[in-house]
Amino acid sequence: MKKIYFIIIIVLSLVSFAFAQKSPIKWGKVSDEEMNMEYYSKDSSACAVILCDYGVSLESGFTRHVRIKILKEEGLEYANVKIPYLSFYSFYIPIKIKAQSYTKNDNQEIEISKLEKKEVYDEKIYNYQRIKSFSIPNVKIGSIIEYSYYVRAGYIQEWQFQREIPIIISDYSVSFHSYYNFLTDLQGITIFDEYEN
């Protein structure tokens, strides 16, 4: 009987994964347009711009992929990443953390600098509140940074579509079975192009 339940859970997870929206960016694939960006035309005072913040929550877990372009000295702080989480269950802990930077050298060739696992730190904030923190290596003005992680807990994450720096793409999709009911709370004056309940 346990074997049947296990198979049903696997099949449902795969079905959820199959219906998840495809990421608008691919890991390790930065465009010439992104690399050559010197300022963000819609906000020329921006010190950095989030090129893409993509997340998907399935019953099997949550995946996030973030890519940021560093435009000014003040934007270098975005290479210091902090991922908050609750530690009372192991499936809330962010895993599969990876990060890298893309920086042009003197010959205008793109150098990729990858984060090593030993450079990811775990900080206790209060009781069960913790933070995974890391600094993406070799980041300069003009660099692109990206990081991603996975959380095994399948629940809806807190998501911010607006931040202190501009965001070009912010995409968060949730795919759970229809027997869940959710309350949607939209705030602000922005009208969404697409909204599905």
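Everything discussed here concerns the structure shown above.
Residues numbered from 1 in each chain as written. Predicted model: local features only at pLDDT ≥ 70, side-chain atom pairs only at ≥ 80, totals over all residues. Heavy atoms only, no water.

A.B. asks: Looking at this structure, I do not really get the sheet that holds strand 3 (residues 80-86). What am I missing?
C.D. replies: Read from one edge to the other, the open sheet built from 3 strands follows the order 3-7-6, with strand pairing classed as antiparallel. Only two strands of the sheet have a single neighbouring strand rather than two, namely strand 3 and strand 6 (121-126). Strand-to-strand twist across the sheet, computed as the mean angle between neighbouring axes with direction ignored, equals 30 degrees. Where strand 6 lies against strand 7 (residues 129-135), 5 bridges are found, and the strand directions are antiparallel. If you follow Lys-124 over to strand 7, its bridge partner there is Arg-130. (Pairing = 2+ DSSP bridges. Helix = DSSP H or I, 4+ residues; strand = E, 2+ residues; numbered from the N terminus. Axes fitted to C-alpha atoms, helices over the stretch in contact; angles between N-to-C directions.)

A.B. asks: Explain the pattern of salt bridges here, please?
C.D. replies: A side chain with one charge can pair with a side chain of the opposite charge if their charged atoms come near. In the structure shown here, the tally under the stated rule is 8 salt bridges. Between Glu-123 and Lys-82 there is a salt bridge, with the nearest N and O atoms lying 3.8 Å from each other. Here the residue Glu-123 occupies a position in strand 6, and Lys-82 occupies one in strand 3, the gap between them amounting to 41 residues. One salt bridge in this structure joins Asp-122 and Lys-132, with 3.6 Å as the shortest N-O distance. Here Asp-122 is found in strand 6, whereas its partner Lys-132 is found in strand 7, with 10 residues between them in sequence. For Asp-122, a relative accessible area of 34% gives the class partly exposed. The class of Lys-132 is buried, set by a relative accessible area of 16%. Within this structure, Glu-34, Arg-67 and Glu-146 form a network of salt bridges that share partners. (Salt bridge = Lys/Arg side-chain N within 4 Å of Asp/Glu carboxyl O. Buried < 20%, exposed > 50% of the residue type's maximum accessible area, 1.4 Å probe, protein only.)

A.B. asks: Sorry, what's going on with the side chain of Ser-133 here?
C.D. replies: Relative to the elements of secondary structure, Ser-133 occurs in strand 7. For Ser-133, the side chain forms a polar contact with the side chain of Glu-123, separated by 2.7 Å. Look past the residues within four positions of Ser-133 in its chain and what remains in contact with it is Val-81, Lys-82, Glu-119, Val-120, Tyr-121 and Glu-123. (Polar contact = N/O pair within 3.5 Å; in protein donor to acceptor, adjacent residues only side chain to side chain. Contact = heavy atoms within 4.5 Å.)

A.B. asks: For this particular structure, what's the right way to read the nonpolar core?
C.D. replies: Proteins that are soluble and globular tend to have nonpolar side chains buried together. If you look at the biggest cluster of nonpolar residues, it comprises 27 residues, and the most contacted ones within it are Ile-68, Tyr-78, Phe-134, Ile-136, Ile-145 and Tyr-147. At the level of elements, strand 1 (48-58), strand 2 (61-70), strand 3, strand 4 (95-104) and strand 8 (144-151) are the ones that each hand at least two residues to this core. Residue contacts for Tyr-147: discarding those within four places in its chain leaves Trp-27, Arg-64, His-65, Val-66, Val-81, Lys-98, Ala-99, Phe-134 and Ile-136. Met-35, Leu-51, Leu-71 and Tyr-102 belong to the second-largest nonpolar core, a separate cluster that totals 9 residues. (Core = buried A, V, L, I, M, F, W, Y, C linked by side-chain atoms within 4.5 Å.)

A.B. asks: Honestly, the environment of Pro-24 in this entry has me stumped. Any pointers?
C.D. replies: Position of Pro-24 among the secondary structure elements: in the loop between helix 1 (2-19) and helix 2 (32-36). Separated by 28 residues in sequence, Pro-24 and Cys-52 have C-alpha atoms that sit 7.8 Å apart. Not counting the four nearest positions on each side in its chain, Pro-24 is found in contact with Cys-52, Tyr-54, Ile-169 and Asp-171.

A.B. asks: What is the right way to read a negative patch on the surface from this model?
C.D. replies: Negative charge collects at one region of the surface, where Glu-73, Glu-74, Glu-77 and Glu-164 lie side by side. With respect to the secondary-structure elements, Glu-77 resides in the loop between strand 2 and strand 3. (Patch = residues over 30% accessible without salt bridge, like charges linked within 9 Å, V, L, I, M, F, W, Y side chains within 5 Å. Areas by Shrake-Rupley, 256 points an atom, 1.4 Å probe, with all protein chains shown as cover. Lys, Arg positive; Asp, Glu negative; His and termini not counted. Charge placed at Lys NZ, Arg CZ, Asp CG, Glu CD.)

A.B. asks: Help me understand the packing of aromatic side chains in this model?
C.D. replies: By the definition in use, this model includes 5 aromatic pairs. Plain terms: the ring middles of Phe-62 and Tyr-172 are 6.1 Å apart, the flat faces sit at 70 degrees to each other, and that makes the pair edge-to-face. Here Phe-62 is found in strand 2, whereas its partner Tyr-172 is found in strand 9 (residues 170-175), with 110 residues between them in sequence. Each of the two residues, Phe-62 as well as Tyr-172, counts as buried. Both rings, one in Trp-159 and one in Tyr-172, keep their centres 4.8 Å apart while their planes meet at 10 degrees; by these two values the pair is stacked. In this pair, Trp-159 sits in the loop between strand 8 and strand 9 while Tyr-172 sits in strand 9, placing the two residues 13 residues apart along the sequence. Each member of the pair, Trp-159 as well as Tyr-172, carries the same accessibility label: buried. Among the aromatic residues, ring-to-ring pairing joins Phe-62, Tyr-149, Trp-159, Phe-161 and Tyr-172 into one connected group. The lysine or arginine in question, Lys-96, covers the ring of Tyr-150, its NZ or CZ lying 5.1 Å from the ring centre. Directly above the ring of Trp-27 sits Lys-98, whose terminal nitrogen or CZ lies 4.5 Å from the centroid. (Phe/Tyr/Trp six-rings, centres within 6.5 Å; stacked < 30°, edge-to-face > 60°. Lys NZ or Arg CZ within 6 Å of the ring centre and 35° of its normal.)

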